[in-house]
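Structural characterization, general
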There are 2 protein chains.
Amino acid sequence: MAAKEQSRGKRPILGVFDSGVGGLTVLQSMLQAVPDADYVYFGDTARLPYGSKSVDTVAKYAVEATQFLERQGAELLVIACNTATALALPQIEQAARVPVIGVVEPGAERAAEASHKKQVVVLGTEATVASHAYARALEARGVQAREKACPLFVPLVEEGWVEHPVTRQVAEIYLREAFAEGFEQADVLVLGCTHYPLLKPLLRSVAPPHVAIVDSAESTAQAVAAKLGARPAGSGHAGLKFFATDSVEKFRRLGTRFLGRPIKNVIHVDLRE
Amino acid sequence: MAAKEQSRGKRPILGVFDSGVGGLTVLQSMLQAVPDADYVYFGDTARLPYGSKSVDTVAKYAVEATQFLERQGAELLVIACNTATALALPQIEQAARVPVIGVVEPGAERAAEASHKKQVVVLGTEATVASHAYARALEARGVQAREKACPLFVPLVEEGWVEHPVTRQVAEIYLREAFAEGFEQADVLVLGCTHYPLLKPLLRSVAPPHVAIVDSAESTAQAVAAKLGARPAGSGHAGLKFFATDSVEKFRRLGTRFLGRPIKNVIHVDLRE
């Protein structure tokens, strides 16, 4: 539907959903890949993080977010949250009336292309790892996956310690545990959480030198651009609207670091009203 | 009401509320101080953590928990969560039909008694620190407070790294920042989050030797015992019932470490049903 409408020259309205500000790294990549669009971003900050919660709970929250973004006019929905994608993509697709793109398939696709050894390490939240969504997506492409939960990375990023010696030690521990027991030769590292792109420089220096890093935020933005297809050049200025379920000040403050540009006009919503 | 009923020999029903499993450290202390009671514990695990959320959101969640525990027959309510107490005690007291005890006042009272220098350092979540609830409670007792947010402690405890070198370094950084700028002589350290008692041995070895550690979980249990007053000896066996809003398996698994004994019979509830 979105593809059809924009072929007539209309700017598409793209809905982007995350549990918090992490999905803004996906939005940042999308703004580069598809600059001529109107974006509606929804961060469910009152109920974050999803990464430590169960399938049923995450699915319920994600479906509510989907319906909210459709009410805002979204013609294409990007689930910019690895946990929500990994746990609830089928439920979201069933509830949605518009096309849905999650972050797992694009990341897995890119990783499978990049891996010569056909062995990949995926870093993610506890819930993403427990779902084995990446392992399934990679195995379907003939690639073996070692999934490693990194529950300290999100709080370290939110503490602002992205280049901190403590974060380096934590990364060394997590990567040592991941690149072991048959995965010493794995040649791709997937950043399977939208907070992790902020740790990319540090992870680059900690990961074995032969390892390529695949950022699921970038892969997803490319998948969105491919889905929308070739489009006539527009103003090149994206429209941006932000909604959050908890404090708008905190969303603005924390979000600016994830989006890489100042955030204005955050609107508070309560999905239960 | 609780005090009156138990003076007739009836076991009191005590409601205990936290955003997750952290309040089980308070329950553990209560089981020692008041063993002859029926406990109903509610962990709002589907919406945790409260520590990074706003006043309005935490107050709304806490009032819902209060009403749930009253429906379970609670005659006295313990808010075993520093953030909920710090941000929403007045709203909870207004909504509750039974007496309410929070963790901040008992911890502040004990800290004020223990401090000769009348200078105290309080460690807590971001939201507890931003509320300045401890500073107000201590200043009312003539004690100066330095409140220090320690957002990495909760995930480090949940990762199980309670004696880990990384946790030690994080603790050294946080305490160095707290015991500075006029607070070098502070002689009491308040553990203002229910996760922190698990870090007590490590914090004991990192904190300056002259510093006394006040555990708000213990102080609160003593306040509950005092409120219930002298009671006839009973069976000495507490009744325990647990409710959680997210996965009951995870509550059982993680909670056992916080309660210090196996947890059975966790019942899932959805407050919106």
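As the structure is a prediction and not an experimental result, all values here were calculated from the model.

1. A look at the relation of the copies chain A and chain B
In the superposition of chain A on chain B (RMSD 0.0 Å, axial shift 0.0 Å), the rotation amounts to 180 degrees. Here the transformation between the copies is reduced to the relation of a two-fold axis. Considering only C-alpha atoms, the residue of chain A closest to the rotation axis is A:Arg47, which sits at 2.4 Å. Of the residues that chain A buries at the interface, 100% are likewise interface residues in chain B, meaning the two copies contact each other through the same surface.

2. Topic: the interface of chain A and chain B
Between chain A and chain B, the residue contacts involve 31 residues of the former and 31 residues of the latter. Buried area between chain A and chain B, both sides added, is near 2,500 Å², and the carbon and sulfur share of it is 50%. Contact with chain B buries area across many residues of chain A, yet A:Leu152, A:Asp246 and A:Arg272 alone supply 21% of it, more than any other trio. At the boundary of chain A with chain B, the tally comes to four salt bridges. Put simply, B:Lys250 and A:Glu126 hold a salt bridge, and the shortest N to O gap is 3.5 Å. Inspection of the chain A/chain B interface yields 17 residue pairs in polar contact (both at pLDDT 80 or more). Elements that contribute at least two residues to the side of chain A that touches chain B include exactly α3 (55–71), α8 (153–158) and α9 (165–178) of chain A. If one sorts the elements of the side of chain A that touches chain B by residue count, α9(A) sits on top with five residues. For the side of chain A that touches chain B, the per-class residue count stands at 13 nonpolar, eight polar and ten charged.

3. Some words on the pattern of salt bridges
Residues and elements named next belong to chain A. Going through the model one piece at a time under the given rule, you end up with 25 salt bridges over all chains. With a shortest N-O distance of 3.4 Å, Arg 110 and Glu 113 are connected by a salt bridge. Residue Arg 110 and its partner Glu 113 are located together in helix α5 (residues 104–114), separated by three residues, close to a single helical turn. On the basis of relative accessibility, which here comes to 35%, the residue Arg 110 falls in the partly exposed class. Linked through salt bridges whose partners overlap, the residues forming this network are Arg 11, Asp 36 and Asp 38.

4. Brief notes about unusual backbone geometry
All names here are of chain A. For the bond from Leu 48 to Pro 49, the omega torsion is -10 degrees, close enough to zero to count as cis. On the secondary structure map, Pro 49 appears in the loop between β2 (38–43) and α3. Even without glycine at this site, Lys 118 takes up a positive phi of about 60 degrees. A residue is classified by how much of its surface remains accessible, and Lys 118, at 36% relative accessible area, is partly exposed. Of note, the phi angle at His 132 is positive, near 55 degrees, even though the residue is not glycine.

5. Looking at the sheet that holds strand β5 (residues 119–124) of chain B
All names here are of chain B. With respect to topology, four strands assemble into an open sheet ordered β6-β5-β7-β8, the strand pairing being parallel. Bordering the open sheet on either side are β6 (144–149) and β8 (212–215), each of which pairs with just one other strand. In this sheet, adjacent strand axes meet at a mean angle of 25 degrees when their direction is disregarded. Pairing geometry for β5 and β6, over six bridges, is parallel. Pairing of Leu 123 across the sheet is with Lys 148, part of β6. Across the sheet, helix α5 (residues 104–114) is in contact with β5, β7 (188–191) and β8; its angle to β8 comes to roughly 160 degrees.

6. Observations concerning the confidence of the model for chain A
Averaged over all residues, the pLDDT of chain A equals 93, while 96% of them reach at least 70. Note on residues 1–8 of chain A: pLDDT under 50 across the span, and 14 contacts to partners over four residues away in sequence or across chains.

7. Quick look at the nonpolar core
Judged by nonpolar contacts, the single largest core of 122 residues is most densely connected at A:Leu24, A:Phe153, B:Leu24 and B:Phe153. If near-sequence neighbours (up to four positions away) are discounted, B:Leu24 is found in contact with B:Tyr41, B:Phe242, B:Phe251, B:Gly255, B:Phe258, B:Leu259 and B:Ile263.

8. Notes on the sheet that holds strand β1 (residues 13–18) of chain A
Residue and element names in this part refer to chain A. Overall, parallel pairing links the six strands, which are arranged β4-β3-β1-β2-β9-β10 in an open sheet. The two strands at the open ends of the sheet, each matched to only one other strand, are β4 (100–102) and β10 (266–268). Ignoring which end each strand starts from, the neighbouring axes of this sheet average 20 degrees apart. Across four bridges, the pairing between β1 and strand β3 (residues 76–79) is parallel.

Cut-offs and rules
- Counting starts from 1 at the beginning of each chain's written sequence and moves along it residue by residue.
- Just so you know, chain letters begin at A and ligand numbers begin at 1, following the order they were written in.
- Local features in this predicted model are restricted to residues whose pLDDT is 70 or higher, and side-chain atom pairs enter the listing and the counts only when it is 80 or higher, whereas totals over whole chains, interfaces and linings include all residues.
- To obtain the side-chain values, all non-hydrogen atoms of the structure were used and water was disregarded.
- Our superposition of the copies is a least-squares fit, built on the C-alpha atoms of residues whose pLDDT is at least 70 in both.
- For this analysis, residues touch if any pair of their heavy atoms sits within 4.5 Å.
- Here the buried area means the combined drop in accessible surface, using a 1.4 Å probe, for two parts upon being joined, counting both sides.
- The term salt bridge refers to a pairing of a side-chain nitrogen on Lys or Arg with a carboxyl oxygen on Asp or Glu at a separation within 4 Å.
- As used in this structure description, the phrase polar contact means that two N or O atoms lie within 3.5 Å; if the pair is within protein, one of them must be able to donate a hydrogen and the other to accept it, and residues adjacent in sequence are counted only when both atoms belong to side chains.
- In DSSP terms, a helix is any run of H or I states spanning at least four residues, a strand is any run of E spanning at least two, and both are numbered starting from the N terminus.
- Ten residue types, Ala, Val, Leu, Ile, Met, Phe, Trp, Tyr, Cys and Pro, are classed as nonpolar, four, Asp, Glu, Lys and Arg, as charged, and the remainder, Gly among them, as polar.
- Buried means the residue's accessible area, taken with a 1.4 Å probe over protein chains only, is under 20% of the maximum for its type, while exposed means over 50%, and partly exposed covers the values in between.
- When DSSP locates at least two bridges between a pair of strands, those strands are taken to pair.
- Note on method: axes are straight lines fitted to C-alpha atoms, helices fitted across the in-contact stretch only, with angles between N-to-C directions ranging 0 to 180 degrees.
- Every residue gets a pLDDT, meaning the predictor's confidence in that residue, from 0 to 100.
- Definition used in this section: a nonpolar core is a set of buried Ala, Val, Leu, Ile, Met, Phe, Trp, Tyr and Cys residues joined via side-chain atoms within 4.5 Å.

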